[in-house]
Amino acid sequence: MKGIKKSLTEEYLYLDFSHQVEGCIFPLHTSVTLFLLSYCNCKIFKVCLVLTRESTDVSLFNMLSQDVKIQIISRQELPPIVQNCCLPAVVETPDNFCRAGLAVVLRHIIQKSYEADPSKKEILELLGFKKTCLKACAEVSQWTRLCELTIPLAIEKFLKESSDQCPPIPAEILQLEKKLSEPVRVHNDDKLRRQKLKQQKAARVGPSLAKEKIKSKVHGQEISEELDSSSRSLELKVAFAKLTVQEEPATTNREPSHIRKAKASDLPPLEHVFAEGLYFTLTDIVLLPCIHHFLLIICKKLSEKLVEFPLLAAWYQRIQEVPRVKTAASQCGIHFFHLPELLTTSNELHPNLNEATGVEEQNEPSFIGGPRPTMTKLMEKGIEVVFSPHPSPTWTLDWNSLPAAVSPKEGKMSSDRALRKQQQLNNLVYMVTNQAKPGDRIVDFCSGGGHVGIVLAHMLPLCQVTLIENKELSLIRAKKRSDELGLSNIWFIQANMEYFTGMFNIGVVLHACGVATDMVIELCIKTRASFVTCPCCYGFIQNTSKFNFPKSEQFKKTLSYKEHMILCRFADQTAAQLPPQRRLIGKQCMCLVDLDRARAAEEHGYSVQVISMEPESCSPKNNMIVGVPI
């Protein structure tokens, strides 16, 4: 077929397989992945089901497309790099580049399906506006966490408990119902809302004009709207036009004056058609297997509860109209069923939905008065700004003798920035190489283009170095540099940190943003590994599902959350262009925030130092937190 690329890198897709109940494959992450493969008609991956139990269900093979060849393997047969990750995972031969985690793997399947057949533009549209659907890490995005992690896990628990009792409705389902009730925000929503206003005004003119057609332009696509009571909403027309129209005709139409001049506050809100708004995206693919099996149990055992989810029920019916969804679903054992008409709205049933869902809302406090009162409060409790001395402030790598691909100068950055990056690496590499022993496993978290990890892999050939990064392009650049150097002691894993499950001896991170530093320290403590971290973006620190601040008992007894956030906000004020006194206060706040992190690690049996990089001019964020298990 024209446009299909035949020479593709051989890739293996590894999926957990626990068991199967009434057409539902567990874990749900596997159901979701198989559904996407079927929807994309993707046959370029060699699929391996990894048994989590000794027994298997042969009927599984009858549920999948005959074109998808399935191999059954045990956990012990996984490539070593995959054994360090949560599944699903995709590995390219020769098994040193791995993508792990549901969102990362699904996005990769979409990209590879499109590359194999560029005529399938609707496949690429699953990634949404600017191709960012489920791209944000689950650690920092509540929406990604909800769709990728908490909903599948909550539904699995619900299905398990429903076998012998009537379990409570998962809070995550209430949260999704609330999400569907919120106004849609899209990049061109003003234009669409004005078209909706025109539709509403025309619909009120009376029966004589009720059959009048209005032509609207959406994404350059002409949509003809019949203005009678049976016509679809503008949102539905826009959504399904995008699914079916391939060409984008030119547009010259202009809205009437009274529509153009309408105030933004007078425009009607846009309503959800699909999970993320108007358009069918990867999020709908993820949710469909989960919501299908949830609604199946509701209808069978808790039918009186169905009225509590009118928007979810409407979404379930609507998604069946998307081309190829029914076919793909049936190939995966998902057989749609009809839901009864529902008259009640979600708001009527859940007036206190915010409380019911337990959604974490971060209210940005209004900071008045600066950090001095907070710093004084700490000083009164004996907590002062004190840095540990740098063990070797003048030590430096001999950059001129190193291969060119080792140096950050090979990256796309100015000579001044490359010099500062070298100075930063001098500090981190010294700390790591002084601790590393032959055979150690070193993990470079949030590795970016591999500046830290590649230097370490070159300097420590007897150690195994793993780079973990969520951004695909950064990791591909790192692998290219590694290939040029011929490094054989390095792995590349594209994944969120929490999908890495391997054991290691030293964790290192350069400029981890916000709570990413705390996640690295937590992983190191969990495996009793040493850590060398350089924090960044203190202003992004906030309480999450995993962390509460302050972290250490010493700081908790002295500061409230709000007071700690004052330190974090002012810790970001260290840029070179700021006045010296302001930079000094920022540096002191950085130290206090990192001392809290250090004290928390000490409570877990670590010896920890907060050290300032040398020279301090190498970066405005020049603190290092170095911890060694006692």
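All of the points below concern the structure found in this document. (Residues numbered from 1 in each chain as written. Predicted model: local features only at pLDDT ≥ 70, side-chain atom pairs only at ≥ 80, totals over all residues. Heavy atoms only, no water.)

### A few points about the pairing of strand S15 (residues 606–612)
At step 1: The element S15 is largely enclosed, with a buried count of five among its seven residues.
At step 2: Of the pairings in the sheet, the one linking S15 to strand S16 (residues 623–629) comprises seven bridges and is antiparallel in character. Following the sheet pairing, glutamine 609 is matched in S16 by valine 626. (Buried < 20%, exposed > 50% of the residue type's maximum accessible area, 1.4 Å probe, protein only. Helix = DSSP H or I, 4+ residues; strand = E, 2+ residues; numbered from the N terminus. Pairing = 2+ DSSP bridges.)

### Brief notes about the nonpolar core
At step 1: Ranked by internal contacts, the top residues of the largest apolar core, which has 146 residues, are Tyr39, Phe294, Trp315 and Phe445.
At step 2: Ranked by residue count, the leading element in this core is helix H10 (residues 282–301), at twelve residues.
At step 3: Not counting residues up to four positions away in its chain, the partners in contact with phenylalanine 445 are Ile468, Met497, Phe500, Phe504, Gly507, Val508, Val509, Val520 and Leu523.
At step 4: In this structure, Phe97, Tyr430, Ile442 and Val532 belong to the second largest nonpolar core, which totals 37 residues. (Core = buried A, V, L, I, M, F, W, Y, C linked by side-chain atoms within 4.5 Å. Contact = heavy atoms within 4.5 Å.)

### What about the packing of aromatic side chains?
At step 1: Counting across every chain of the model gives 13 aromatic pairs.
At step 2: Residues phenylalanine 274 and phenylalanine 280 carry aromatic rings whose centres are separated by 5.5 Å and whose planes lie at 70° to one another, so their mutual orientation is edge-to-face.
At step 3: Phenylalanine 280 sits in the buried class, given a relative accessible area of 5%.
At step 4: Three or more aromatic residues joined by ring pairs make a cluster, and in this case those are Tyr39, Phe274 and Phe280.
At step 5: A cation sits over an aromatic face here: lysine 179 above tryptophan 143, 5.1 Å from the ring centre.
At step 6: The ring of tyrosine 39 has arginine 324 sitting right over it, with the charged end atom 4.5 Å from the ring centre. (Phe/Tyr/Trp six-rings, centres within 6.5 Å; stacked < 30°, edge-to-face > 60°. Lys NZ or Arg CZ within 6 Å of the ring centre and 35° of its normal.)

### Describing the environment of alanine 575
At step 1: Of note, alanine 575 is situated in the loop between helix H21 (561–571) and helix H22 (580–602).
At step 2: Between the C-alpha atoms of alanine 575 and glycine 586, which are eleven residues apart in sequence, the distance is 9.0 Å.
At step 3: The contacts of alanine 575, once residues within four sequence positions are left out, are Arg583 and Pro620.

### Here we look at helix H3 (residues 102–116)
At step 1: In this model, H3 (15 residues) spans 21 Å end to end at C-alpha, consistent with the 21 Å of a helix rising 1.5 Å per residue.
At step 2: If you check which residues of H3 are buried, you get Leu102, Ala103, Val104, Val105, Leu106, Arg107, His108, Ile109, Ile110, Lys112, Ser113 and Ala116. (Expected span 1.5 Å × (residues − 1).)

### Brief notes about helix H5 (residues 142–161)
At step 1: For H5, the principal kink sits at threonine 150 and spans about 40°; a proline, proline 152, occurs within the next four residues.
At step 2: Most of H5 sits out of view: 14 of its 20 residues are buried. (Bend = angle between axes of the 7 residues up to and from the residue.)

### Topic: the side chain of serine 530
At step 1: Mapped onto the elements, serine 530 comes out in strand S14 (residues 530–536).
At step 2: Only 3.0 Å separates the side chain of serine 530 from the side chain of glutamine 435, close enough to count as a polar contact.
At step 3: In contact with serine 530, not counting residues within four places along its chain, are Gln435, Asn505, Ile506, Gly507, Cys524, Gly627, Val628 and Pro629. (Polar contact = N/O pair within 3.5 Å; in protein donor to acceptor, adjacent residues only side chain to side chain.)

### A look at the sheet that holds S14
At step 1: The strand order across the open sheet formed by twelve strands is S5-S4-S1-S6-S7-S12-S11-S10-S13-S14-S16-S15, and the pairing between neighbours is mixed. In this open sheet, the two strands that pair with only one neighbour each are strand S5 (70–74) and S15. Across the sheet, the mean angle separating the axes of adjacent strands is 20° when strand polarity is ignored.
At step 2: Sheet strands in contact with H3 are strand S1 (11–17), strand S4 (45–51), strand S6 (89–92), strand S7 (97–100) and strand S12 (490–494), and its direction is about 115° off that of S7.
At step 3: Strands S7, strand S11 (464–469) and S12 of the sheet are contacted by helix H18 (residues 472–485), whose axis makes an angle of about 165° with S12. (Axes fitted to C-alpha atoms, helices over the stretch in contact; angles between N-to-C directions.)

### Quick look at the pattern of salt bridges
At step 1: Here the structure, examined in full by the defined rule, presents 21 salt bridges.
At step 2: We note a salt bridge from glutamate 92 to arginine 99, for which the minimum N-O separation is 2.9 Å. Residue glutamate 92 shares its accessibility class with arginine 99, and that shared class is buried.
At step 3: With a shortest N-O distance of 3.7 Å, glutamate 308 and lysine 305 are connected by a salt bridge.
At step 4: What you see here is one network of salt bridges that share partners, running through Arg145, Glu498, Glu522 and Lys546. (Salt bridge = Lys/Arg side-chain N within 4 Å of Asp/Glu carboxyl O.)

### Considerations on the packing of H5 against helix H6 (residues 171–181)
At step 1: Packing of H5 against H6 brings their axes to within 9 Å, and their N-to-C directions diverge by 140°. The angle between H5 and H6 falls in the class oblique. Crossing hand, H5 versus H6: left-handed. Here Trp143, Leu146, Thr150, Ile151, Ala154 and Ile155 of H5 come into contact with H6, specifically with Glu172, Ile173, Gln175, Leu176 and Lys179.
At step 2: In terms of residue class, the contact of H5 with H6 is made up of seven nonpolar, two polar and two charged. (Parallel < 35°, antiparallel > 145°, perpendicular 65-115°, else oblique. Left-handed = near helix turned anticlockwise from the far one by under 90°. Nonpolar A, V, L, I, M, F, W, Y, C, P; charged D, E, K, R; others polar.)

### Regarding the environment of glutamate 177
At step 1: For glutamate 177, the location among the structural elements is in helix H6.
At step 2: Within the structure, glutamate 177 has its side chain in polar contact with the backbone nitrogen of leucine 311 (distance 3.0 Å).

Just distances and angles here, no functional claims.
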